[in-house]
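Residue-level structural notes
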Amino acid sequence: MSIYALRVDIAKEVYNSLKDEGVARFTWSYSKEGNLKEIESKIKKFGWENLTEIEKDCWKANFMLSIKEKDYIVYINVPEYGECTVAKVTGEYFWNWEKYKSDGSHCLLIDKESIRTFNRNDKNIPSDLTRRFGLQGKYWRIYLEDKFYNLLQDIDDKKITGELASSESRLLNCINEKINPYLESICEELQHYHVGKYLEELIVKVLGEIPEIKNISRKSGISDKGGDILFDYENTDVFGNYSQKKCAIQVKSYEGIINYDQAIKDMKNIFEYDDSLDLGIIMTTATSIGEEFNEKLEELNKELLEKKKEKSVTILYGKDFARWVLKYGEKFFNR
């Protein structure tokens, strides 16, 4: 059994297909040329170099061919931001351009009875599992199988209660719906005005506005083994238990797609250098991440999980980076 986390830009359409049709959909499928099985056959017969550019782009979703019956998929931010929807796969990949004629034509059959939706930040979900439900690209594997199974049982036992909607949260959802179309452009503008060290300075200022974050320091030089910013995250749970996590941020000022994996190599170095680290975060103004980068990030998280329990690396980029800056850096925009 494998668990795949998926990020899609058509959350409502995907959620409706799950509930109404028992079909799980994925993007990178915006053209009728995107059938992964046909592309795979073409690669075997004629070679990669004979693919069209569209076929090469759609092939980024080839991991869908590896998903099998009894695997699980978890959609991140579906149906709403902060929520996750999980379903059990009952059939292998098929192409359904004839029905949808749009992005989201890579498909899998799922068991409709297995669908569960939960808030990824629920207080009763283990923190290391919550981290895996944070955005790490377009897709990634979750290797905490036992804790994932326990989560499914806890949902059925109504131990995962979530938060009741308030007038404030409804207002926030409304604002998010109106702002979301502009977030990518905002991220691009942040890159234009904050190149190199200026992006680090911006992130440090925003971190300083988050009460739980302490001991922020900017680092430079080879002795820091890849960490641009270090900080401690302090937390007290509902029982009054205090905990402190040490985090490292690697900052990358990029335009467009990020496929250069130096940030991942840097993160690997700093975890090897500083065993006290709990979490690594790659923060970048890139608006999308490449398949190779995504694979390298998944490999690093698997390696950390095998060697050092409850340690992970995540990425904040594009729309989500812009949303983070706007949320916590509000006072800088009111001057």
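For the structure given in this document, a descriptive report is provided here. Once a new chain begins, its residue numbering starts again from 1 and follows that chain's sequence as written. Two thresholds apply to this predicted model, a pLDDT of at least 70 for residue-level local features and 80 or more for giving and counting side-chain atom pairs, whereas whole-chain, interface and lining totals are computed over all residues. Water and hydrogen atoms were dropped before computing side-chain values, which therefore reflect all heavy atoms in the structure.

1. Topic: the side chain of T284
- The helix and strand labels rest on DSSP assignments: H or I over at least four residues marks a helix, E over at least two residues marks a strand, and numbering proceeds from the N terminus. As for its position among the elements, T284 is in strand β11 (residues 279–284).
- A distance of 3.1 Å separates a polar side-chain atom of T284 from the backbone nitrogen of A286.
- In this structure T284 touches K252, Y254, I258, I315, L316, Y317, G318 and F321, once residues within four positions along its chain are discounted. We define a polar contact as two N or O atoms separated by no more than 3.5 Å, with the added condition that, inside protein, one atom must be a possible hydrogen donor and the other a possible acceptor, whereas residues neighbouring each other in sequence contribute only through side-chain atom pairs. Contacts are assigned to residue pairs that have any heavy atoms within 4.5 Å of one another.

2. Let's talk about the nonpolar core
- As used here, the term nonpolar core means buried Ala, Val, Leu, Ile, Met, Phe, Trp, Tyr and Cys residues forming a set that is joined through side-chain atoms within 4.5 Å. For the exposure calls, accessible area comes from a 1.4 Å probe over protein chains only, and a residue counts as buried if that area is under 20% of its type's maximum, exposed if over 50%, partly exposed in between. In this structure, F63, M64, I73 and Y75 are the most contacted members of the largest nonpolar core, which totals 33 residues.
- Residues contacting I73, with those up to four places away along its chain left out, are Y4, L6, A24, I67, T85, V86, A87, V89, L108 and I110.
- If you look at the next biggest cluster of nonpolar residues, it comprises 23 residues, including C187, L199, I249 and I281.

3. As for empty space enclosed by the protein
- Here a cavity denotes grid points, spaced 1 Å and computed from the protein atoms alone, that fit a 1.4 Å probe unable to get out, and a pocket denotes an open set having protein on both sides within 12 Å along at least 5 of 7 lines; residues with an atom within 4 Å of a point are the lining. Grid points are joined across faces, edges and corners, and a volume is the space filled by probe spheres set on the points. A full pass over the atoms with the stated rule returns one cavity of 30 Å³ or more.
- Computed from the structure, the largest cavity encloses a volume of approximately 40 Å³.
- Taken together, R132, Q136, W140, R141, Y143, E298, N301, K302 and L305 make up the lining of the largest cavity.
- For the lining of the largest cavity, the elements supplying multiple residues, two or more each, are β6 (139–142) and α10 (291–307).
- Counting residues per element, the lining of the largest cavity draws most heavily on α10, which supplies four residues.
- Here the nonpolar group is Ala, Val, Leu, Ile, Met, Phe, Trp, Tyr, Cys and Pro; Asp, Glu, Lys and Arg are the charged ones; every other residue, Gly included, is treated as polar. When the residues that make up the lining of the largest cavity are grouped by side-chain class, the tally is three nonpolar, two polar and four charged.

4. A word on the environment of K112
- Within the fold, K112 resides in strand β5 (residues 106–119).
- Residue classification places K112 among the partly exposed positions, given a relative accessible area of 42%.
- Sequence-wise, K112 and H192 are 80 residues apart; in three dimensions their C-alpha atoms are separated by 45 Å.
- Leave out the neighbours within four places in its chain, and K112 touches L18, K19, D20, E21 and G22.

5. Re the packing of aromatic side chains
- A pair of aromatic rings is counted whenever rings of Phe, Tyr or Trp (Trp by its six-membered ring) have centres within 6.5 Å, and the orientation is called stacked for planes under 30 degrees apart, edge-to-face for over 60 and tilted otherwise. Counting across every chain of the model gives eleven aromatic pairs.
- On the numbers, 6.3 Å between centres and 80 degrees between planes, the contact of W28 with Y139 is edge-to-face. Taken together, the positions of W28 in the loop between β2 (23–26) and α2 (36–46) and Y139 in strand β6 put the pair 111 residues apart, joining distant regions of the chain.
- Residue W28 is classed as buried on the basis of its relative accessible area of 13%.
- By relative accessible area, which is 5% here, Y139 ends up buried.
- With a centroid separation of 6.1 Å and 10 degrees between ring planes, the pair formed by W95 and W97 is classed as stacked.
- We classify W95 as buried; its relative accessible area is 19%.
- A relative accessible area of 19% means that W97 is categorised as buried.

6. A short note on α2
- The N-cap of α2, judged by a side-chain oxygen 3.0 Å from the amide nitrogen of K37 a few residues on, is N35.
- G47, located one to two residues past α2, shows a positive phi value of around 95 degrees.

7. Things to note about the pairing of strand β3 (residues 72–76)
- Across the five residues of β3, five count as buried, placing the element largely inside the fold.
- Where β3 hands over to strand β4 (residues 83–95), the hairpin turn is made up of six residues, of which N77 adopts a positive phi near 60 degrees. A pair of strands is considered paired only if DSSP assigns at least 2 bridges between the two.

8. A closer look at unusual backbone geometry
- Following V78, the chain continues to P79 via a peptide bond in cis, the omega torsion being 5 degrees.
- Turning to its location among the elements, P79 is positioned in the loop between β3 and β4.
- Unlike most non-glycine residues, K70 shows phi in positive territory, near 80 degrees.
- Here K70 is to be found in the loop between α3 (53–58) and β3.

9. Quick word on the side chain of Q250
- Residue position: Q250 is located in strand β9 (residues 242–252).
- A polar contact of 3.2 Å, which involves the side chain of Q250, links it to the side chain of D228.
- Side chain to side chain, Q250 and D266 meet in a polar contact 3.2 Å long.

10. Here's the deal with the sheet that holds β5
- With respect to topology, six strands assemble into an open sheet ordered β2-β5-β4-β3-β1-β6, the strand pairing being mixed. Unpaired on one side and paired on the other, β2 and β6 mark the two borders of the sheet. Averaged over all pairs of adjacent strands, the angle between strand axes in this sheet comes to 40 degrees, irrespective of strand direction.
- Pairing geometry for β3 and β4, over five bridges, is antiparallel. Looking at β4, one finds that I73 is bridged to A87. Fitting a line to C-alpha atoms yields each axis, with helices limited to the stretch in contact; the angle taken between N-to-C directions then spans 0 to 180 degrees.

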